[in-house]
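So you can see what is in the structure, the chains are spelled out below.
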Amino acid sequence: MAQKKILLLSTGGTIASVVSDQGLVPGESGEQLIQTLGSVPYDVTVKDILQLDSSNIQPEEWKIIAEAIYRNRNDYDGIVVSHGTDTMAYTASMMTFMLQHINIPVVFTGSQVPMNVILSDAPDNLQLAFAAAASLQPNIYLAFNRKIMRGCRSVKVRTTAFDAFESVNVPPVAEVTSDGFTIKTKRPRTDEQCVLNTKIDTNVFLFKLFPGFDPRLLRALAKHDCHGIVIEAYGLGGMTYIRRNIAAAVGELIKQGIPVVATSQCLYERSDLTKYEVGRQALVEGAISAHDMTSESAITKLMWGLGQGMNVQAIANFFATDVAGEVTLD
Ligand code: ASP
């Protein structure tokens with residue numbers, strides 16, 4: 001049987017890092033990663049598209065990555081993207097929106113320790129990503145520490161441990177256990193064509209509410225050309241209203257045409273603005289619930305929606321739509 005054709009797009013990150021006077025910096029090519037990995041049962045092609053620490057991966061780089069995936073999607077059975085772990089969940093989430101109905105599996109991976117260091121987690125993660133790119137149904141994934149997660153559900157939860165990512169609010173799509181590579185969940189297939197749409201609006205703001213937050217700062221955002229906000233509110237979505245009325249400030253912004261999305265600062269489970277008075281006030285003012293989305297998914301979905309020219313109502317409808325498995329709607 002012919003080997004599956006897999007493309008490795010390398011972008012930098014710890015996996016490709018080397019020691020320098022300034023600390024770890026990306027310095028190895030994708031070809032060097034493959035050489036250290038050794039033989040794999042796939043027909044692998046490598047393209048270096050970036051060489052950056054992922055703290056420097058921004059919307060300009062998202063466009064480069066999305067275009068590279070789109071250009072190559074019909075020539076390979078799957079694509080692996082090696083990427084720094086720090087912003088990998090943001091990039092994987094944004095790819096979910098920029099490359100809707102992708103026709104092959106695209107798997108992001110990286111490591112906590114560089115590939116060229118003995119006992120690194122990089123070989124395992126890269127092997128896992130190749131296996132996922134060769135066998136999963138089309139979608140955007142993140143492979144790390146024997147787990148494959150939907151990109152738009154993954155969050156970096158540890159700074160140094162090998163188990164750095166979690167699939168939040170949904171089980172991992174696949175895992176490696178003593179039974180081998182086990183696929184656990186599938187989404188219904190669609191026959192829709194993949195569309196590349198990299199238009200986004202980056203004039204957005206994501207912040208975590210804390211006791212004492214001055215709502216005048218929210219109003220100041222509107223004066224500084226902010227087009228949309230995600231608030232990590234308390235618990236199910238509560239916002240302060242005595243003395244410092246956050247809910248009222250949210251209402252003022254929404255009246256000015258600035259959508260405000262409420263997520264929870266709890267990592268797990270959903271937000272539900274209907275349950276408490278402190279959530280309902282924000283809901284009455286027009287706050288949009290992110291349900292059980294990650295903050296990474298919520299901010300990238302907002303950027304993408306605004307980039308399409310959506311107004312407040314259209315953004316509200318968009319957040320009530322499951323694009324690629326990023327949200328569980330009741
Ligand atoms: N700072 C690195 C990066 O995100 C961390 C890593 O890759 O693990 O590029």
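Reading guide: rules and limits
- Residues numbered from 1 in each chain as written.
- Predicted model: local features only at pLDDT ≥ 70, side-chain atom pairs only at ≥ 80, totals over all residues.
- Heavy atoms only, no water.
- Helix = DSSP H or I, 4+ residues; strand = E, 2+ residues; numbered from the N terminus.
- Rg over C-alpha atoms; globule rule 2.2 N^0.38 Å.
- Buried < 20%, exposed > 50% of the residue type's maximum accessible area, 1.4 Å probe, protein only.
- Areas by Shrake-Rupley, 256 points an atom, 1.4 Å probe, with all protein chains shown as cover.
- Lys, Arg positive; Asp, Glu negative; His and termini not counted.
- Charge placed at Lys NZ, Arg CZ, Asp CG, Glu CD.
- Salt bridge = Lys/Arg side-chain N within 4 Å of Asp/Glu carboxyl O.
- UniProt positions renumbered as here; feature names shortened; annotations may be inferred.
- Contact = heavy atoms within 4.5 Å.

Enquirer: Which residues make up the overall build of the protein, and what values do they have?
Expert: Looking only at helices and strands, the protein has nine helices and 18 strands in total. Computed over C-alpha atoms, the radius of gyration of the protein comes to 20 Å, within 12% of the 20 Å expected from 2.2 N^0.38 for 330 residues, which places it in the range of a compact globule. Seen through its C-alpha atoms, the protein measures out along the principal axes to roughly 65 × 50 × 35 Å. Looking at the protein as a whole, 53% of its 330 residues qualify as buried. Accessible surface, the protein as shown: approximately 14,700 Å² in total, 50% of it carbon and sulfur. Across the protein, the 28 positively charged side chains and the 34 negatively charged ones have centroids separated by 6 Å.

Enquirer: If you had to explain the pattern of salt bridges to someone new, which residues and values would you point to?
Expert: Tallied over the entire structure, the rule returns 13 salt bridges. We note a salt bridge from Arg146 to Asp124, for which the minimum N-O separation is 3.8 Å. Of this pair, Arg146 sits in the loop between β8 (139–144) and β9 (147–150) while Asp124 sits in helix α4 (residues 122–135); the two residues are 22 residues apart in sequence, bridging distant segments of the chain. The partly exposed category is assigned to Asp124, whose relative accessible area is 45%. Measuring nitrogen to oxygen at the nearest pair gives 2.8 Å for the salt bridge that ties Lys184 to Glu175. The exposure class of Lys184 is partly exposed, given its relative accessible area of 47%.

Enquirer: Residue-level account of the UniProt feature "domain: L-asparaginase N-terminal" (unreviewed entry) in the protein, with values.
Expert: Taking the numbering used here, the UniProt-annotated feature "domain: L-asparaginase N-terminal" (unreviewed entry) corresponds to residues 5–186. End-to-end, the C-alpha atoms of residues 5–186 are 22 Å apart, and along that stretch the chain is 26% helix and 32% strand.

Enquirer: Summarise the environment of Arg244; cite the residues concerned and give the values.
Expert: Checked against the element boundaries, Arg244 lands in the loop between β16 (228–233) and α6 (246–255). Judged by relative accessible area, which is 35%, Arg244 ranks as partly exposed. Other than its neighbours up to four places away in sequence, Arg244 contacts Gly212, Phe213 and Pro215.

Enquirer: Describe unusual backbone geometry, with residues and values.
Expert: Comment: phi is negative for the bulk of residues other than glycine, and the bulk of peptide bonds are trans. Of note, Asn169 is a non-glycine position whose phi angle comes to about 70°, a positive value. Looking at the element boundaries, Asn169 is found in the loop between β11 (165–167) and β12 (174–177). Owing to a relative accessible area of 25%, Asn169 belongs among the partly exposed residues under this scheme. Its identity as a non-glycine residue notwithstanding, His291 has a phi of 50°, on the positive side. Along the chain, the position of His291 falls in the loop between β18 (288–289) and α8 (295–307).

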